[in-house]
Amino acid sequence: IIHARMSAAVRSSLTGKLSGYEGFITDITELKINEKEHRKTEDKYKTVLENSLASIYMFQDGGQFTYVNSRLINMLGYETDESIIGKPFWEFVHPDDREFVRKRGLAREKADIHPSHYPFRVLKKDGSTLWVDMRSSRATYMGRPTVVGNFINITKIKQAEVQVRKLSRKLIDVIEEEKKSLAADLHDEFGQTLTSLKFDVEQLQKKIREKITD
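Residues numbered from 1 in each chain as written. Predicted model: local features only at pLDDT ≥ 70, side-chain atom pairs only at ≥ 80, totals over all residues. Heavy atoms only, no water.

(A) Up close: the nonpolar core. Tyr57, Phe65, Leu76, Ile84, Phe120, Met134 and Phe151 are the most contacted members of the largest nonpolar core, which totals 23 residues. The set of elements that each furnish at least two residues to this core consists of strand 3 (55–60), strand 4 (64–68), helix 2 (70–75), strand 5 (117–123), strand 6 (129–141) and strand 7 (144–153). (Core = buried A, V, L, I, M, F, W, Y, C linked by side-chain atoms within 4.5 Å. Buried < 20%, exposed > 50% of the residue type's maximum accessible area, 1.4 Å probe, protein only. Helix = DSSP H or I, 4+ residues; strand = E, 2+ residues; numbered from the N terminus.)

(B) Inspection of the sheet that holds strand 6 at higher detail. What the five strands build is an open sheet, ordered 4-3-7-6-5; its pairing is antiparallel. In this open sheet, the two edge strands, each paired with only one partner strand, are strand 4 and strand 5. On average, each strand axis in the sheet is inclined to that of its neighbour by 40°, with strand direction left out of account. As defined by bridge partners, strand 6 adjoins strand 7 across ten bridges and the pair is classed as antiparallel. Of the residues in strand 7, the one forming a bridge with arginine 138 is valine 147. (Pairing = 2+ DSSP bridges. Axes fitted to C-alpha atoms, helices over the stretch in contact; angles between N-to-C directions.)

(C) Spatial organisation of the confidence of the model for the protein. Residues with a pLDDT of 70 or more make up 90% of the protein, whose mean pLDDT is 82. Per-element confidence in the protein ranges from a low mean pLDDT of 76 for helix 1 (residues 29–50) to a high of 89 for helix 2. (pLDDT = per-residue confidence, 0-100.)

(D) Quick peek at the pattern of salt bridges. Inspection of every chain in the model, using the stated rule, returns eight salt bridges. Glutamate 35 is paired through a salt bridge with lysine 32; the nearest N and O atoms lie 3.7 Å apart. With a gap of three residues between them, glutamate 35 and lysine 32 both fall in helix 1, about one helical turn apart. (Salt bridge = Lys/Arg side-chain N within 4 Å of Asp/Glu carboxyl O.)

Right, here's the structure in full:
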């Protein structure tokens, strides 16, 4: 058994009566085998991408998403990729970070730039904000420049950093208060000691004068 493609045309006589068909049959067995192998490879990589712990994406044509895996869809709070595919990726970036990320994305689509990853904020479907670390590299897909990469959710890390800064600030404030309190205590204690010493010196001077008078 082989795979074949047939093309045919009806041929009629001058009187308009059907006289037959003529055409070509082309052996496309090798093409079909290659298509089958391609589907196997595609299914294998799709399985890997869809089960990845990272949120994987691909964008082309001025930064438009052309592929996102399930992890990224879920991370942004969507049900399917239909609300993401075809849209510029910076539309999902927080407005305060958007211009910087847009310029970086367009530059990366044309040529590799450094650093290869950087953090910024993205917007979920419900409007809430996530911090992500974007890692990407330049590639070619279907003959066109492509950026392939992933988002790693670092929101908890950023929240921990904020908490650490708050605690550090609080610790510094406590230390400063303790310094002030200690300085005040030392000042009061030292002042009392000096006052007591002054009285002792005055008493001693008085006794010395009395002895000299006697």
